[in-house]
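Listed below are the residues making up each chain.
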Amino acid sequence: AQSVSQHNHHVILSEAASLELGCNYSYGGTVNLFWYVQYPGQHLQLLLKYFSGDPLVKGIKGFEAEFIKSKFSFNLRKPSVQWSDTAEYFCALKEIYNQGGKLIFGQGTELSVKP
Amino acid sequence: EAGVTQFPSHSVIEKGQTVTLRCDPISGHDNLYWYRRVMGKEIKFLLHFVKESKQDESGMPNNRFLAERTGGTYSTLKVQPAELEDSGVYFCASSQDWINTGELFFGEGSRLTVL
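An account of the accompanying structure is given in this report. (Residues numbered from 1 in each chain as written. Chains lettered and ligands numbered in written order. Predicted model: local features only at pLDDT ≥ 70, side-chain atom pairs only at ≥ 80, totals over all residues. Heavy atoms only, no water.)

All names here are of chain B. Assignment of secondary structure puts Ser-11 in strand β2 (residues 10–13). Placed 19 residues apart in sequence, Ser-11 and Asp-30 show a C-alpha to C-alpha distance of 27 Å. Ignoring any residue separated from it by four or fewer positions in sequence, one finds Ser-11 in contact with Val-19, Arg-111, Leu-112 and Thr-113. (Helix = DSSP H or I, 4+ residues; strand = E, 2+ residues; numbered from the N terminus. Contact = heavy atoms within 4.5 Å.)

What follows is the structure, given as structure tokens:
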């Protein structure tokens, strides 16, 4: 069965540090990949997505992610984090043949940024 | 534009009782989804409505869960009778142009605590 694995459950960084959150998936077919973010007290929102084309995708607030098909990975990066990036981050995939929008999520990574 | 709204934000009930969660999607969104996150684990898909029809209910845990979307507008998710393992956060999401945008719009979630 398909699955998504996020290796870091809780990451603590100081402001201006660089960020990389790992995401690996298990699925033999073609997928669409997503990162969602949930800021404290708010709803989940889309950070960025990969459908096809350039494997390096850019999202909102300076985030980017790189799809490496050979490694089944879609890691999230940001060169310099801010205190406002404190949130929980979720990696998710959708099987490409699934037209219905069903997402498979990872366990989430909680990011705490110290001012 | 109003986002996806969920009610109640938090419900505490005893084992064996009934709880009904409500979701109001973004106006005009035909697709409505229910997801659940139990005890800090991954967010799991429960089911998908297209208008009033259940498109995919493969994630519903058992027959104690009943989802409805009469008239294709708001949706309810009833748990009857509730068990301890049903505790968690129930998320609702909606989308209209999923195929092209790949974006689900989530509500803030309804936290259910079963004692």
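In a disulfide, the sulfur atoms of two cysteines are covalently bonded to one another. Using the criterion set out here, one finds two disulfides over all chains in the structure. Sulfur-sulfur distance for the disulfide between Cys-23 of chain A and Cys-91 of chain A comes to 1.9 Å. Handedness here is read from the sign of the S-S torsion; for Cys-23 of chain A and Cys-91 of chain A, about -70 degrees, the answer is left-handed. With a gap of 68 residues between them, Cys-23 of chain A in the loop between β3 (19–21) and β4 (24–26) and Cys-91 of chain A in strand β10 (residues 87–95) connect regions that are remote in the sequence. Comparing Cys-23 of chain A with Cys-91 of chain A shows no difference in burial state: the two are buried. Disulfide pairing is shown between Cys-23 of chain B and Cys-92 of chain B; the S-S distance is 1.9 Å. On the sign convention where negative means left-handed, the S-S torsion of about -65 degrees between Cys-23 of chain B and Cys-92 of chain B marks this disulfide as left-handed. Separated by 69 residues along the polypeptide, Cys-23 of chain B in strand β3 (residues 19–24) and Cys-92 of chain B in strand β9 (residues 88–95) bring together distant segments of the chain. (Disulfide = S-S within 2.5 Å. Buried < 20%, exposed > 50% of the residue type's maximum accessible area, 1.4 Å probe, protein only.)

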